[in-house]
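Each chain, written out:
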Amino acid sequence: MTVAQVYHIPVLLRESVEALVTDPSGIYVDATFGGGGHSRAILASLTASGRLLAIDQDPEVPAQAIQDSRFTFLRGNFRDLPYLLRQYGIEKLTGILADLGVSSHQIDTPERGFSFKREALLDLRMNPQEGLPARVWIAQQEEETLADILRMYGDLPKSRRLARAILQATHPAFTTTELADCARRVYGREADKYLPQLFQAIRIAVNEELSALESFLTAAESLLMPKGHLVVLTYHSGEVRQVKKRYQHPAHQDPITGQKTYNWRLVRRCLPAPVEVQQNPRSRSAQLWVLEKL
Ligand SMILES: C[S@@+](CC[C@H](N)C(=O)[O-])C[C@H]1O[C@@H](n2cnc3c(N)ncnc32)[C@H](O)[C@@H]1O
């Protein structure tokens, strides 16, 4: 295995890069660099005059592992895409890729406090230098708000009871396994099946993932050239809803003729093949969306 594969195995790699690169000499953004698996494959399909800018908010990403004059790494949040690109004088892009969610490195590094399998202070931040660690954030929530988040971002049943159990248990050094124990108290023997959803729900809230995605998709709309492709890998129903909204809802409807104008067209949606899911179980919930800017 290469360094990038140990850090994170890229999902739907060939399909996403083939869909993204419509002009091998174009300018591309990989908005979620992670271990750089997608970035490497994009660079491999560009000519000498192509260019790739990669973004990640996590200070631990191994961006320096790519030494290529066509490549630039920008540390930041993709919600600030226009601002990040302006520093490099870039106003238009040929294609944009976003592989949403967390990397295997983030989940598998115990000190990051992402995993219910390893005892650590509960953190769940993709950028530990920004925002509040989950253990502090939880203590600031009202029971009703926390229950709404557990239901909306984690599809969790008995969300009110779970929120109450978490708020009763929380303390300044609240850990990953103590959070998992709260789920055990509420769901009993069924708890294990709900743990991924519980951690995901709190992670989405702590990182403000859905509002970042909304700002990013709006920015992508103004930055992409006509016919440019936006390729998004989603892992959660909230992300799917946001992507669908972009191409299903008209940007404008003529009040007289009723004619609708759209900013995006769905080119393709695809899922990982069973063999990919078998080799990389974390690809299980992935969906690839290819949208063309009109
Ligand atoms: C699923 S991983 C990407 C893996 C990558 N495609 C690869 O091949 O290794 C998602 C990455 O996106 C980053 N990320 C998630 N949301 C972000 C945001 N709003 N801004 C910047 N980076 C973000 C995470 O820190 C993580 O490293």
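Nothing here was measured: the structure is a model prediction, and the numbers come from that model. (Residues numbered from 1 in each chain as written. Predicted model: local features only at pLDDT ≥ 70, side-chain atom pairs only at ≥ 80, totals over all residues. Heavy atoms only, no water.)

## Points about the sheet that holds strand 8 (residues 264-270)
Two pairing modes exist for strands in a sheet, parallel and antiparallel, and in both the strands are linked by backbone hydrogen bonds.
Here's step 1: Overall, mixed pairing links the seven strands, which are arranged 3-2-1-4-5-9-8 in an open sheet. At either margin of the open sheet sits one strand with a lone partner, and together these are strand 3 (71-75) and strand 8. On average, each strand axis in the sheet is tilted by 15° relative to the strand beside it, whichever way the strands run.
Here's step 2: In the sheet, strand 4 (residues 93-99) pairs with strand 5 (residues 224-234) via six bridges, with the strands oriented parallel. Bridging across to strand 5, G95 finds its partner in H229.
Here's step 3: Strand contacts of helix 2 (residues 13-20): strand 1 (27-30), strand 4, strand 5, strand 8 and strand 9 (287-293), with the helix running at about 165° to strand 5, the strand carrying the most contacts. (Pairing = 2+ DSSP bridges. Helix = DSSP H or I, 4+ residues; strand = E, 2+ residues; numbered from the N terminus. Axes fitted to C-alpha atoms, helices over the stretch in contact; angles between N-to-C directions. Contact = heavy atoms within 4.5 Å.)

## Structural notes on the packing of aromatic side chains
Here's step 1: Enumeration over the complete set of coordinates arrives at six aromatic pairs.
Here's step 2: On the basis of an interplanar angle of 70° and a centroid distance of 5.5 Å, the ring pair of F33 and F73 is categorised as edge-to-face. Of the two residues, F33 sits in the loop between strand 1 and helix 3 (37-44) while F73 sits in strand 3, which places them 40 residues apart along the sequence.
Here's step 3: Aromatic ring contacts, followed pair by pair, group F33, F71 and F73 into a single cluster.
Here's step 4: The positively charged end of R269 is found above the aromatic ring belonging to W289, 5.5 Å away from the centroid. (Phe/Tyr/Trp six-rings, centres within 6.5 Å; stacked < 30°, edge-to-face > 60°. Lys NZ or Arg CZ within 6 Å of the ring centre and 35° of its normal.)

## Brief notes about helix 3
Here's step 1: Regarding helix 3, the residues found buried are G37, H38, S39, I42 and L43.
Here's step 2: Packed against the buried residues of helix 3 are helix 2, strand 1, strand 2 (51-56), strand 3, strand 4 and strand 5. (Buried < 20%, exposed > 50% of the residue type's maximum accessible area, 1.4 Å probe, protein only.)

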